[in-house]
Amino acid sequence: MSLPSFAEVEHAEWPALKQMCESLGLNPKGRSAVVRMRVLDHVRRHIRAEPWRAKREHIAALLTRLGFPEVSQAVWESTIQLDAPAPWLGLGQAQLAGGSVVEATRSFDRAARMGDADALLHRAGVLAAAGEYERAVRACESYLTTHAGDLRALAMQAEFLARAGFGEEAARVFRSTAESRREIPGLLRAGGTALLRAGRPEAAVNMLTEAIRVEPTDVESRINRGAALVLAGRTQEAIAAFREALKIDPHRAEALNDLGVVQLQVGQAKGAAGNIRRAAKLADSPRIMLNLASVGGSDRRRRAPKRTTRKKAESVRTEAEVATKPSPTTKPRKRRSRKTSPAETSKPSEPSPP
Amino acid sequence: MRPSPEAGGGRLTFPPDQTRRFLPSVDRLEAAMHAARNAFERGNADGALGQLAVALKLKPQYDAAWILRGRILRKTGDREGALDSFAQALKANGESKEGWMGLASVLHDLGRTQEEAEAYDRMLALDPRSVEAWIDKGAVLHELKDYRGAIACNEKALSLRPESAAAWNNKGAALLRLGDAPGAARCFDEALHFDPDFFDAMANRMYLYEQQGRHGEAVLWADRALRIREAAWLWYAKGLAHLGLLESTLAVRSFERALTIDPNLAEAKAALGRAREMREKVDFYRGVYECFGTHLVGDPGCAECEIRPRCQEVTP
């Protein structure tokens, strides 16, 4: 006697359920839910669990991620059915990974026509990959008409707006999303970062201050706020902001490096060198190393560093801006002498030319 | 590791005791650890401890050896010794997750729940994605009657592993304590969906139904739980549900079974007397209907039921 499947038992009508009970030698009497549970228990105890085997679609998806998009496309094509949009989505991803942007767009269009709304977002991603940010934003908007408030779509839309240079609009999307979805952290920070990228440091400072008010322990927001303050020319406040970030996490290389850069701007060369050296010890970043090289000669030549670190994807591009000349009017703040470890005080080798 | 050759070609030698102490042979150390693990797996705790003594003499700060020693001692019932071993492991390596988990488990055995919670905090600082640590911390907070904290921990565990039946069950138990019966019911549903044979979730569900006065469902879930594991308190609870359904004989049998397993269960003794008294007056018989007391209007099974009037009588 073959066992019915779980789905068959779950969806069986009362007569069929009773028949199953009789064929399996089970008691068919009682409330239908209880009888159903009895059959399900029996099936679960007697069914032999089949070992999981990767199907073609699983293999295809893995191939895309493992970096074999051409092979993946061939496997996805073999899984295509007339009425299923999922293989088209997979095929589109593989085509995109393989660099066939036009083909990928077509595949996503097909999936969208089959009724898969997610395909619109995939299509938006393709358009963005091709540099067509405005069309990508429109694709997100059309998705949002049917999925209002969808966080993924809103985040994509804001990202594309920011990449297209509409930083303020991106920030507005982040702000409105943050107001409606208060349970999701980081949205205000993302908005502030977008404003910073859009060259609106004062507005960015305001939004990042708000982000810090909501999440006081958010170090990223504090570091980005510091960067925004630097760009707004409020260097002393920037130093305070970086120091606050370091109070929360003393081992953040970006904050140490950025603090060092600003200190150098205001003429605190010694403190700057110490902070950049500490940053270099914590993170193996070429930007910090370049700053370190510049600082190495600063005792003798006082030169502004060239670059600051960039944090992850949403970090701020400050390298160009922070490399501005140090303000000649700002006096270096006196600091108490501090014992440093030999490693910190040892002079680096001759700095390479910037 | 071998002693380096002395200048001039001769070998630099140490006295035997120092050689054993300062120049441990890695091969010997690993051989001792391997032998200890094998002995422990075979159930030879003394042999395992002997091999670990050799390993720890070779390398006194070997955290893995201390952890294994802690596990062996815990299994043999030497909790204080186990606690000391895990503490030594953490002294050698303060970032050992196994060490913190072991320490927490021994503290649990010793009933030092506050310290156990702190151990989980340390563990979670090292690995914030440890589902086991979140679940265990939730369980400790539950014991400390911090039900909201327990819910937060279990929610964290569920955000990392949504299919964790234990986390669903523990969240449900905490919600039940806070009086959120519908929320608790949903959690137990989820727990039983992911693990249909989860004893704790069945027992909790039975308590929930009993609390709601739904004795029929309570008996149903008590029966299911008892098929997995027998416990005196569960038989007692089942007996109470039978009393609610006016099934005196079944109630008497349940209480008797509870007293066979645990003769000191005073509540069962008292309830047995009540059940016997009740049997003089009323005694319903359910026959093959395990769903007795759960009548549902419009259900096809209930429509065909032979004892429907009686069932309706005891269904709330």
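Residues numbered from 1 in each chain as written. Chains lettered and ligands numbered in written order. Predicted model: local features only at pLDDT ≥ 70, side-chain atom pairs only at ≥ 80, totals over all residues. Heavy atoms only, no water.

## Considering the overall build of chain A
No. 1: Secondary structure summary: chain A contains 21 helices and zero strands in total.
No. 2: By the burial criterion, 46% of the 354 residues in chain A qualify as buried.
No. 3: Considering only residue pairs separated by 6 or more positions, chain A has 45% of its internal contacts joining residues 24 or more positions apart. (Helix = DSSP H or I, 4+ residues; strand = E, 2+ residues; numbered from the N terminus. Buried < 20%, exposed > 50% of the residue type's maximum accessible area, 1.4 Å probe, protein only. Contact = heavy atoms within 4.5 Å.)

## A short note on the pattern of salt bridges
No. 1: Counting across every chain of the model gives 32 salt bridges over all chains.
No. 2: The partner of K29 of chain A in a salt bridge is E306 of chain B, and the shortest N-O contact between them spans 3.0 Å. Pair noted here: K29 of chain A is in the loop between α2 (14–24) and α3 (32–46) and E306 of chain B is in the loop between α17 (300–303) and α18 (308–314), and the two residues belong to different chains.
No. 3: On the accessibility criterion, K29 of chain A (32% relative accessible area) is partly exposed.
No. 4: R252 of chain A serves as the salt-bridge partner of E220 of chain A, at 2.7 Å between the closest nitrogen and oxygen. With a gap of 32 residues between them, E220 of chain A in helix α14 (residues 219–231) and R252 of chain A in the loop between α15 (235–248) and α16 (253–265) connect regions that are remote in the sequence.
No. 5: The buried category is assigned to E220 of chain A, whose relative accessible area is 10%.
No. 6: On the basis of relative accessible area, R252 of chain A is assigned to the buried category, the value being 14%.
No. 7: Beyond isolated ion pairs, a larger network of salt bridges with shared partners links D41, R44 and R45 of chain A together with D197 and R224 of chain B. (Salt bridge = Lys/Arg side-chain N within 4 Å of Asp/Glu carboxyl O.)

## Describing helix α8 (residues 131–143) of chain B
No. 1: Across its 13 residues, α8 of chain B extends 19 Å between first and last C-alpha, which sits within 8% of the 18 Å expected from 1.5 Å per residue.
No. 2: V131, A133, W134, I135, K137, G138, V140 and L141 of chain B are the residues of α8 of chain B that are buried. (Expected span 1.5 Å × (residues − 1).)

## A closer look at the interface of chain A and chain B
No. 1: On the chain B side, the residues contacting the 14 residues of chain A number 19 residues.
No. 2: Taken over both partners, the interface formed by chain A and chain B buries close to 1,400 Å², and the fraction arising from carbon and sulfur atoms is 50%.
No. 3: Inspection of the chain A/chain B interface yields seven salt bridges.
No. 4: Residue D41 of chain A is joined to R224 of chain B by a salt bridge in which the shortest nitrogen-to-oxygen separation is 2.5 Å.
No. 5: Counting every contact that joins chain A to chain B gives ten residue pairs in polar contact (both at pLDDT 80 or more).
No. 6: Residue assignment for the side of chain A that touches chain B shows that the elements contributing at least two residues are α2 and α3 of chain A.
No. 7: No other element matches the eight residues that α3 of chain A contributes to the side of chain A that touches chain B.
No. 8: A per-class count over the side of chain A that touches chain B returns four nonpolar, three polar and seven charged. (Buried area = accessible area lost by both parts, 1.4 Å probe. Polar contact = N/O pair within 3.5 Å; in protein donor to acceptor, adjacent residues only side chain to side chain. Nonpolar A, V, L, I, M, F, W, Y, C, P; charged D, E, K, R; others polar.)

## Observations regarding the confidence of the model for chain B
No. 1: With 92% of its residues at a pLDDT of 70 or more, chain B has an overall mean of 88.
No. 2: Within the model, pLDDT remains below 50 along residues 1–24 of chain B, and this stretch shows 20 contacts once partners closer than five positions in the same chain are excluded. (pLDDT = per-residue confidence, 0-100.)

## Focus: a nonpolar patch on the surface
No. 1: Among the surface-exposed residues, L62, L66, F68 and V71 of chain A lie close enough to one another that they form a single nonpolar patch of about 400 Å² accessible area.
No. 2: Relative to the helices and strands, V71 of chain A is located in helix α5 (residues 69–79). (Patch = residues over 30% accessible without salt bridge, like charges linked within 9 Å, V, L, I, M, F, W, Y side chains within 5 Å. Areas by Shrake-Rupley, 256 points an atom, 1.4 Å probe, with all protein chains shown as cover.)

## Remarks on the nonpolar core
No. 1: M33, L52, L103, M206, L234, F255 and F292 of chain B are the most contacted members of the largest nonpolar core, which has 100 residues in total.
No. 2: The residues contacting F292 of chain B, other than those within four sequence positions of it, are G216, L245, E247, F284, R286, I307, R310, C311 and V314 of chain B.
No. 3: Counting residues in each nonpolar core, the second largest holds 62 residues, with V137, A171, A269 and A273 of chain A among its members. (Core = buried A, V, L, I, M, F, W, Y, C linked by side-chain atoms within 4.5 Å.)

## Considering the packing of aromatic side chains
All names here are of chain B.
No. 1: On inspection of all chains with the given rule, the structure shows four aromatic pairs over all chains.
No. 2: Measuring from centroid to centroid gives 6.2 Å for Y207 and W233, while their planes differ by 15 degrees, and the two rings are stacked. Of this pair, Y207 sits in helix α12 (residues 199–211) while W233 sits in helix α14 (residues 232–244), and the two are 26 residues apart along the sequence.
No. 3: Classification of W233 by relative accessible area gives partly exposed; the value is 36%.
No. 4: Aromatic side chains F284 and F292 sit 6.3 Å apart centroid to centroid with 75 degrees between the ring planes, which places their arrangement in the edge-to-face category. Neither F284 nor F292 differs from the other in exposure class; each is buried. (Phe/Tyr/Trp six-rings, centres within 6.5 Å; stacked < 30°, edge-to-face > 60°.)

## Observations concerning the confidence of the model for chain A
No. 1: On average, chain A scores 78 in pLDDT, and the residues at 70 or more come to 82%.
No. 2: Per-element averaging of pLDDT across chain A places helix α21 (residues 342–345) of chain A at the bottom with 30 and α2 of chain A at the top with 93.

## Examining the environment of A125 of chain B
No. 1: Considering the arrangement of structural elements, one finds A125 of chain B in helix α7 (residues 113–126).
No. 2: Taking the C-alpha atoms as reference points, A125 of chain B and K97 of chain B, 28 residues apart in sequence, are found 10.0 Å from one another.

## Describing α15 of chain A
Residues and elements named next belong to chain A.
No. 1: With 14 residues, α15 ought to run about 20 Å at 1.5 Å a step, and its terminal C-alpha atoms sit 20 Å apart, in line with that.
No. 2: For α15, every residue scored as buried is listed here: T235, A238, I239, A241, F242, A245 and L246. Buried residues in α15, looked at end-on, bunch into an arc of 160 degrees, giving them a common side.
No. 3: Buried residues belonging to α15 abut α14 and α16. (Arc of directions from axis to C-beta.)

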